[in-house]
Amino acid sequence: VRRTRWSTALAVGVTATFVLAACGSSKKATSTTAASATTAAAAATTAAAAATTAAGSTATTSGASTATTSGGSTATTSGSTTAGSGAPGTTVSPKDIGLINGVYKGTGGFSLDTKKICPSDWNPTQGISASEIDLFQSLPSAGAFAGFGIIADGERSYFKVINDAGGIDGRKIVLDSKDDGYQPAQTKTNVDEALGANKYAALDGILGSANGLAVWDEANDDCMPNLLNESGIANWGDVQGHPWTTGMQLDYFTEASLWATWLTKEHPELKTVSEITYNNDFGQAYHSGFNFASKGTDLKVVDQETHEATAPNLTNQFTTLASKKSDVLLIETSGAFCTQAMAEVEKEATWHPLVIMSSTCGSLNQFFQPLIDQGLTGKDTYLIQYFKDPLDPANANDPFIAQYYKETAAQGLDPKQTTYFTGWIYAWVMVDILKNAATYQGGLDRGNIMLAARNVHETNPALLPGLTSITNGEQDAYFSEGGQMAKYTVTDPKKLGTFVKSGDLINLEGQLGTFKTVKDASAAAGASTATTAAAAATTTKTT
Amino acid sequence: MALIKLKQGSPAHRAYVWGAWLFVAFVIIYVLFAYRTGFAPGSIDKAFRITQINDVIAYAVAILGLNLVIGYSGQLSLGHSAFVGLGAYTTIILVADHHWSYFTTIPVSAALCFVIGMIVGLPALRIRGLYLAIVTLSVAYVFPTLVLKYGSLSGGPNGKKPARGAAKLVAPSWMPFHNAGRISGPLWVYTILMVMAIALFLLARNFVKSRPGRALVAVRDNQTSAAVSGVNLPMYKALTFGMSAAFGGVAGSMLMINQPFASDVQFGLTLAIFLVVGLVIGGAGTISGAVPGALVYVFVPYFMAGWTTDPKGMPPGLRQITKPLFDWLSHREGGNSISGVFFGVLLLIAVFILPGGIIDGLRRLRARFVTVVPNPGWLRARDGTEHAPALLAAAAGAPSQPDLSTHDIDAATAGQHPTDGPVDEISQHTMLRAPQGGSQ
């Protein structure tokens, strides 16, 4: 009898938990209020503290901002990260950017008339208080893709460095992230919640192409800055249709353009090209990017084989490809298919093309190690690199990487886990945008954050030396459009090799413009996959 | 022994039943006005919470459909996610590409899923138990692959949604919340889905109560004797699969009405498994069990994941107890994944202490306070008196049900058939002559 009573009590407890959870628990609300009350109190004290230290810090701030206008160096972090960078200077003074006559006026013909395009209750300073800037991120932090979730920890780690140094004019950057398991539907749920919460200034780094596409319409309808999407599809440059959305990393279209440029420059003797393409937006972006850049050159695509996500292997495709005996093979795929493609081409007896592969296949442990287990190497495969490698001993003295090692180690993170570094890169750009937005007319608000994201003129310290990170309103919507071709070189076939630079750095900065270029090129290239066509159709409707 | 005894059919009993139903009705209608009254701030002031409740409604319908197959006809089907997905994609494709209204797509997805469900149910005529589970599981496994395969139709890995700004449901001006801003859309969807769900629950309840419903239970309990009694096994099995799939399809359409976005992973194995989990947690073989099952499916993982990243939202008490754990986890790689572990542990606990599901637990709990003494009309009419002491004493110990769940036959407590169910007179006689279980 006693036993059943206990189980009943437990049953009641569990049910009560469910009910509490379902109702959102009024207690939760009270505790939050209590918490915010304390934060407010804390803010009051820190404000006072800030007032006392203000005199000291102004000097540094003004010094840095002078540097921006005169030397064009970044006005961002502690001097160490930006020292010695010959950044391209801004052409427009911050005084001419910002909320002017009720309209957010940016550079490069970009402006936001928030009264017309935004919901009537749009709040320009939502998520931006005197003490905090709240950002929201959705990315997989549980499940099969949980490895990506570390990016958020890396970002928070860099924000902590900035916050400890005073934040953005005394405001601390707070990044809330939610797990979406890489499922677009869950991303949408997370972002809907964030949009409805009325507490975030911007979305920061939604990870994944499909995930980003699932939410960018809502974000734009809501006038929520949807910054630094963490995937490389060119859609993130759709300034006209989605003015509140940006990407950050090199897009796949441009990457394939870099291939064509590099081939014509370094290997003019190679003429015929064949492609193995993932039959989705990702693969077709490479295809149309290569066609776009090889127009007017001697390069000629003689064969393109596609594969589906569900393909068990690529043997059939390679049988056909090998029969064409082209000079160059482009591997426009990702994941385990990279390894399969490299294995197929290495096992090929009679056909020895020059192989260029998607940069998404760059992870040595993930994609090259399995080849060694098969008795292969993957040697002489080329791919584009554009970020500095924190594990490369040659970069040990790089100020940004040195700072990364010092700070992450101090925070108890393992700096060798380079995914943290990816987080640092994104966070660095975010901080840069926020700092610049604060200098515009009207001060730091969501409209100015968007203008700043479209007016970036930096040498991002994480990019390879010589590359730039530039956006300019409706003229240039892509942050970086350059890279370095590298060749995978193997000395001992039993061990992983290294990437060795091949040829000069190529920078196509500003050449892609906006997503319109990509759409036109895709149409010209006859990218016939349904998904691409559908994506293009959707965007045409919206613009 | 229970604190209160209510005689079936007495005014007190009627008041009790009506009171329970009025409370349910009050909760359902209350949600529509909660944004204004401001009761329990923080709970329903967000449009998102309404969206989640809408999801609960849709998943409840899906679990209800699954219950017909697993709970009532006793066939283990794990492929239900495919039907939910099929319904969802039917709706979203018709809405996005062919500019149908959401409502006209519902009969289409119901009909389509009914037919496909019958076809998938065909193997059930020959195989049983775990083998059938594997066959149906393969349906769940194949569905996302098909979505990717026919990308031109389904949008492939990018998912499918209507063009930007198109196909939005706007609350009509006669609804009290039509100008409530962001929350008015979800509330209108809530109204629509709630009406649909009530209709579907009534449909399921009547189906289960009817002749085919009892035939299903007979098939579940003993196939041979059901066949001997004249139940057409193949027909009923296929019919159940079809009906259950149709419920799943409508649930998929409801999900799309709420959140018009479909992607392959959404309707994969995870959903297939969690529908069964929701069914078991709610209570297999009960109509009302679908509601707590869906609540658990939508809210428990949500709050678990939320608390592992931000323990501030946790109910006090629980928060203090678990603080060391979260402090330890917060700086660890993959610390977020722990929410899955918590959910698993919670499921284990739930299965141990609530073997018959939440509904069964609630009934057992209620039986400690309220007992309804069966007093069927025919008994009163024949005797002219209101006593049948031996029978009533025997029945009094058994939990009985005054609300909608009255008529459920609980698989988990299969020995205890409720004696006050709306079974027809013949079976009532039989049952009363040989009371099963009941007495304790």
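Structure's up top.
Residues numbered from 1 in each chain as written. Chains lettered and ligands numbered in written order. Predicted model: local features only at pLDDT ≥ 70, side-chain atom pairs only at ≥ 80, totals over all residues. Heavy atoms only, no water.

A few words now on the overall build of chain B. Along its length, chain B carries 18 helices and two strands. Burial statistics for chain B: of 440 residues in total, 52% are counted as buried. For chain B, contacts bridging at least 24 residues in sequence account for 76% of all contacts bridging at least 6. Counting only carbon and sulfur atoms, one obtains 69% of the accessible surface of chain B, whose full area is about 19,500 Å². (Helix = DSSP H or I, 4+ residues; strand = E, 2+ residues; numbered from the N terminus. Buried < 20%, exposed > 50% of the residue type's maximum accessible area, 1.4 Å probe, protein only. Contact = heavy atoms within 4.5 Å. Areas by Shrake-Rupley, 256 points an atom, 1.4 Å probe, with all protein chains shown as cover.)

Attention shifts here to the state of the cysteines. All names here are of chain A. All chains considered together, the criterion is met by two disulfides over all chains. Residue Cys118 pairs covalently with Cys223 via a disulfide, S to S 2.0 Å. Because the sign of the S-S torsion sets the handedness, a value of about -95° for the bond joining Cys118 and Cys223 places this disulfide among the left-handed ones. Residue Cys118 is found in the loop between α4 (114-117) and β4 (132-139), and its partner Cys223 is found in the loop between α7 (209-221) and β7 (226-227); the two are separated by 105 residues along the sequence. (Disulfide = S-S within 2.5 Å.)

Attention shifts here to the packing of helix α3 (residues 80-98) of chain B against helix α4 (residues 102-121) of chain B. Axes are the key here: two packed helices are described by the angle between their axes and the distance separating the axes. All names here are of chain B. Contact pair α3 / α4: the axes reach a minimum separation of 9 Å and the direction vectors enclose 145°. Considering the relative orientation of α3 and α4, their crossing is right-handed. Taking contact as the criterion, the partners of Phe83, Leu86, Gly87, Thr90, Thr91, Leu94 and Val95 in α3 are, on α4, Tyr102, Thr105, Val108, Ser109, Leu112, Cys113, Ile116, Gly117 and Val120. Grouping the amino acids of the contact of α3 with α4 by side-chain chemistry returns ten nonpolar, six polar and no charged. (Axes fitted to C-alpha atoms, helices over the stretch in contact; angles between N-to-C directions. Left-handed = near helix turned anticlockwise from the far one by under 90°. Nonpolar A, V, L, I, M, F, W, Y, C, P; charged D, E, K, R; others polar.)

This next bit is on a nonpolar patch on the surface. A cluster of nonpolar side chains, contributed by B:Leu112, B:Val115, B:Ile116, B:Ile119, B:Leu122 and B:Leu125, occupies part of the molecular surface with about 470 Å² of accessible area. Checked against the element boundaries, B:Ile119 lands in helix α4. (Patch = residues over 30% accessible without salt bridge, like charges linked within 9 Å, V, L, I, M, F, W, Y side chains within 5 Å. Salt bridge = Lys/Arg side-chain N within 4 Å of Asp/Glu carboxyl O.)

Quick look at the side chain of B:Asp264 now. Residues and elements named next belong to chain B. Its place among the elements puts Asp264 in the loop between α10 (233-258) and α11 (269-282). Within the buried set, Asp264 has no salt-bridge partner at all; the shortest N-O distance to an opposite charge, 13 Å, is to Lys160. Every residue in contact with Asp264, bar those within four places of it in the chain, is listed here: Tyr89, Pro144, Val147, Leu148 and Pro157. (Lys, Arg positive; Asp, Glu negative; His and termini not counted.)

Residue and element names in this part refer to chain A. Most of strand β15 (residues 482-489) sits out of view: six of its eight residues are buried. Pairing of strand β12 (residues 381-385) with β15, which is carried by four bridges, proceeds in the antiparallel orientation. In the strand pairing of β15, Gln385 is matched with Gln484. Across four bridges, β15 lies against strand β16 (residues 498-501) in antiparallel orientation. (Pairing = 2+ DSSP bridges.)

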